[in-house]
Amino acid sequence: NFILGMSHFIKTVEDIHEAVVNTVPSIRFGLAFCESSGPALVRCTGTDPEMIELAKQNALAIGAGHSFILFLAPGFYPINVLHAVKACPEVVRIFAATANLARLDMREGKPEAARKRFEALLARDKNHVGAMLSLADMAARDGRQKDFVTWLERAAKAEPRNMSTHAILVGYHLEKGDKAKALAQARLAQAAAPEHIDALHLMGAAELASGSFDAAIATYTRATQLAPRSSDAFHNLALAYLANRQTASAREALQRALQLKPDQMKSAEALFRLETTDKRMDAALRLARDYQTRHPALPFGFEREADLLLVGGNPAKAVPLYEQALAKGGGVPGMIKLHQALHRAGNGKVAEQRLAEWVKRYPADADLRAYAAETSMAARRPREAVAHYEALLKTRPNDVIALNNLAYLHYQLKDARALSMAEKAHRLAPDNPGVLHTLGWLLVEQGQVARGLPLLARAASLTPRQGTVRYHHGVALARAGKKAEARKEIEAAINQAAPFPEIEEARISLRNL
């Protein structure tokens, strides 16, 4: 069972490892990643020596820069971790997640043949968990969420001590916002294996998401007692303490997690945020520099020291550290921070040159495109912003923010495509206040006040501190002949909302009313 994919960042190995282990703490796997620069080494990690060796051999045979391959030991399936792998920011594509002949049928566009293979397996063995999970995966691909859950529940019932299936269900319910179902599923897992470390992690996650912070602390404390050498157990305990505002206990738990696993970046990141939030800048600086010493090939320590310098008002000193972090694989987040530091240091021209170089080098990176577009909008370069958003939408055609911003840019440039773009954004996110505002205002400006007014009213109710939204709502009310209500709304925009670009225009409108 393996997953083959492509990434754009040297830190892929560490991030996928964390994602996989956090999803199924007891999983046995091997992961290998092909570097694309310098000596072009193969980086590998995992929890099972046989799987690590298998991943290493296959990565060397493939030899394609930035490709990775993840092998799962028997009893673990791609569906257990595929969502977590896809969610890693640097993973740009999954080429295959295959487990058997039925998967090959799927790859060849024969879903019915694949389904029959799985059903034949279940006919021979009604408790074949692999077949159930594969049918669940097929249901997920087809958007049949009810069938997806049903197959997973059957798999969990057939093999109740298999925590990976419970983990998928708990994660699914949490993603859907159904905290009660997530908690119920976690209880089933714990009932099947009361002292299983993975069951405790699932229960703690469900309790934490449900706001039962004291219960989560008790659960994760039990996990640290059962697995006193588990850095993940102490990390999760720290998250529960943080949610309960017990910062001293959280700090102690994070420090213990880092003692057990000094290179556990998520714990270092959490501890760094805690120190900076508590204004313990010296402690945060020590952590950043210690990480530089322990892991000189990684960007984390250099980037965090630069963050401290930027917050402290020393952007010029932050720049070379951000440069170092970027050279060590800082990725798009590092590029963005370097761009901001250059601007604050008074090197705006250099910042824009660097940003243009990065966009040219990574034209399909949606996050970089989004940042470049926002930068262009802020600098009042609408045509440049349009080009970035249009490029972004080629890779993420349903990106609501990009569609909404592009619609507003088209409106500013008097492009007829504005309304259709805003309508599409609204179909995708009908309750998003920014989308409601854009579509509502475009309709009002086109004379369709009856359609636009309720959208603007809804947007204003959702964002009462947004002056532009409330002002546009007031204008719509005035155009609908409701002058008294319009006057009240524009007054609120001027007096109650935060400062906004159209405030002088709003004052003129108020005098005219």
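Scroll up a little and you will see the structure.
Model, not experiment: these values are computed from the prediction.

**Some words on the overall build of the protein**
Here's step 1: The secondary structure content of the protein amounts to 28 helices and five strands.
Here's step 2: Relative to the compact-globule value of 24 Å for 513 residues, the protein shows a C-alpha radius of gyration of 26 Å, a close match.
Here's step 3: Taken along its principal axes, the extent of the C-alpha atoms in the protein is 75 × 55 × 50 Å.
Here's step 4: Scored against the burial criterion, the 513 residues of the protein give a buried share of 50%.
Here's step 5: Restricting the contact set of the protein to residue pairs at least 6 apart, pairs at least 24 apart contribute 50%.
Here's step 6: Carbon and sulfur atoms make up 53% of the accessible area of the protein, which amounts to about 24,600 Å² in all.

**Focus on the packing of aromatic side chains**
Here's step 1: A full pass over the atoms with the stated rule returns four aromatic pairs.
Here's step 2: Judged by centre distance (5.6 Å) and plane angle (40°), the rings of Phe2 and Phe71 are tilted. You can see Phe2 sitting in strand β1 (residues 2-7) and its partner Phe71 sitting in strand β4 (residues 67-72), a full 69 residues away along the chain.
Here's step 3: Arg256 extends its terminal NZ or CZ atom over the ring of Phe234, reaching a point 5.8 Å from the ring centre.

**Here we look at the pairing of β4**
Regular strands place side chains that alternate from one sheet face to the opposite one.
Here's step 1: Counting buried positions along β4 gives six out of six residues, so the element sits mostly inside the fold.
Here's step 2: Side chains of β4 alternate between two faces, with Ser67, Ile69 and Phe71 and Phe68, Leu70 and Leu72 buried alike.
Here's step 3: Across five bridges, the pairing between β1 and β4 is antiparallel. Bridging across to β4, Leu4 finds its partner in Ile69.

**Some words on the packing of helix α12 (residues 231-243) against helix α13 (residues 247-260)**
Here's step 1: At a closest axis distance of 8 Å, the pairing of α12 and α13 adopts a crossing angle of 165°. Overall, the two elements α12 and α13 adopt an arrangement that is roughly antiparallel. Here the hand of the crossing between α12 and α13 comes out left-handed. Contact residues: α12 offers Ser231, Phe234, His235, Leu237, Ala238, Tyr241 and Leu242, while α13 offers Ser249, Ala250, Ala253, Leu254, Arg256, Ala257 and Leu260.
Here's step 2: Counted by class, the contact of α12 with α13 contains 10 nonpolar, three polar and one charged residues.

**Considerations on unusual backbone geometry**
Here's step 1: Phi angles above zero are rare outside glycine, and His66 is one such case at about 75°.
Here's step 2: Assignment of secondary structure puts His66 in the loop between α2 (49-62) and β4.
Here's step 3: A residue is classified by how much of its surface remains accessible, and His66, at 23% relative accessible area, is partly exposed.
Here's step 4: Phi is positive for Lys279, close to 60°, though the residue is something other than glycine.
Here's step 5: One can find Lys279 in the loop between α14 (265-277) and α15 (281-294).
Here's step 6: Lys279 sits in the exposed class, given a relative accessible area of 66%.

**Comments concerning the packing of helix α26 (residues 467-479) against helix α27 (residues 483-495)**
Here's step 1: Across the interface, α26 lies against α27 with an axial gap of 8 Å and an inter-helix angle of 165°. The angle between α26 and α27 falls in the class roughly antiparallel. Remark: the crossing between α26 and α27 carries left-handed chirality. Residues Gly467, Arg470, Tyr471, His473, Gly474, Val475, Leu477 and Ala478 of α26 form the contact with α27, whose own contacting residues are Glu485, Ala486, Glu489, Ile490, Ala492 and Ala493.

**What to know about the environment of Asp147**
Here's step 1: Here Asp147 is to be found in helix α7 (residues 145-158).
Here's step 2: With 12 residues separating them along the chain, Asp147 and Leu135 place their C-alpha atoms 8.6 Å apart.

**Some thoughts on the pattern of salt bridges**
Here's step 1: All chains considered together, the criterion is met by 29 salt bridges.
Here's step 2: We note a salt bridge from Glu275 to Arg251, for which the minimum N-O separation is 3.1 Å. One end of the pair, Glu275, is in helix α14; the other, Arg251, is in helix α13, with 24 residues separating them in the sequence.
Here's step 3: The class of Arg251 is buried, set by a relative accessible area of 11%.

**Structural notes on the side chain of Ser231**
Here's step 1: Considering the arrangement of structural elements, one finds Ser231 in helix α12.
Here's step 2: Residue contacts for Ser231: discarding those within four places in its chain leaves Ala257, Leu260, Lys261 and Gln264.

**Considering α13**
Residues three or four positions apart in an α-helix share a direction because the helix packs 3.6 residues into each turn.
Here's step 1: For α13, built from 14 residues, the straight-helix expectation of 20 Å at 1.5 Å per residue is met to within 8% by its first-to-last C-alpha distance of 20 Å.
Here's step 2: All of the buried residues in α13 are Ala250, Arg251, Ala253, Leu254, Ala257, Leu258 and Leu260.
Here's step 3: Buried residues along α13 sit in contact with α12, α14 and α15.

**Let's talk about the environment of Cys44**
Here's step 1: Considering the arrangement of structural elements, one finds Cys44 in strand β3 (residues 42-46).
Here's step 2: Sequence separation of Cys44 and Asp290 is 246 residues, and the distance between their C-alpha atoms is 24 Å.
Here's step 3: Setting aside anything within four residues of it in sequence, one finds Cys44 in contact with Val13, Leu31, Ala32, Ile52 and Lys56.

**Some remarks on helix α21 (residues 382-395)**
Here's step 1: Its 14 residues place the ends of α21 21 Å apart at the C-alpha level, agreeing with the 20 Å of an ideal helix rising 1.5 Å per residue.
Here's step 2: On the buried face of α21, the contacting elements are α19 (348-361), α20 (366-378) and α22 (400-412).

**Observations regarding the state of the cysteines**
Here's step 1: What the rule picks out here adds up to zero disulfides.
Here's step 2: Looking at the unpaired Cys34, the closest cysteine sulfur is the one in Cys44, lying at 11 Å.
Here's step 3: Judged by its relative accessible area of 35%, Cys44 falls in the partly exposed class.

About the criteria used
Residues numbered from 1 in each chain as written. Predicted model: local features only at pLDDT ≥ 70, side-chain atom pairs only at ≥ 80, totals over all residues. Heavy atoms only, no water. Helix = DSSP H or I, 4+ residues; strand = E, 2+ residues; numbered from the N terminus. Rg over C-alpha atoms; globule rule 2.2 N^0.38 Å. Buried < 20%, exposed > 50% of the residue type's maximum accessible area, 1.4 Å probe, protein only. Contact = heavy atoms within 4.5 Å. Areas by Shrake-Rupley, 256 points an atom, 1.4 Å probe, with all protein chains shown as cover. Phe/Tyr/Trp six-rings, centres within 6.5 Å; stacked < 30°, edge-to-face > 60°. Lys NZ or Arg CZ within 6 Å of the ring centre and 35° of its normal. Pairing = 2+ DSSP bridges. Axes fitted to C-alpha atoms, helices over the stretch in contact; angles between N-to-C directions. Parallel < 35°, antiparallel > 145°, perpendicular 65-115°, else oblique. Left-handed = near helix turned anticlockwise from the far one by under 90°. Nonpolar A, V, L, I, M, F, W, Y, C, P; charged D, E, K, R; others polar. Salt bridge = Lys/Arg side-chain N within 4 Å of Asp/Glu carboxyl O. Expected span 1.5 Å × (residues − 1). Disulfide = S-S within 2.5 Å.

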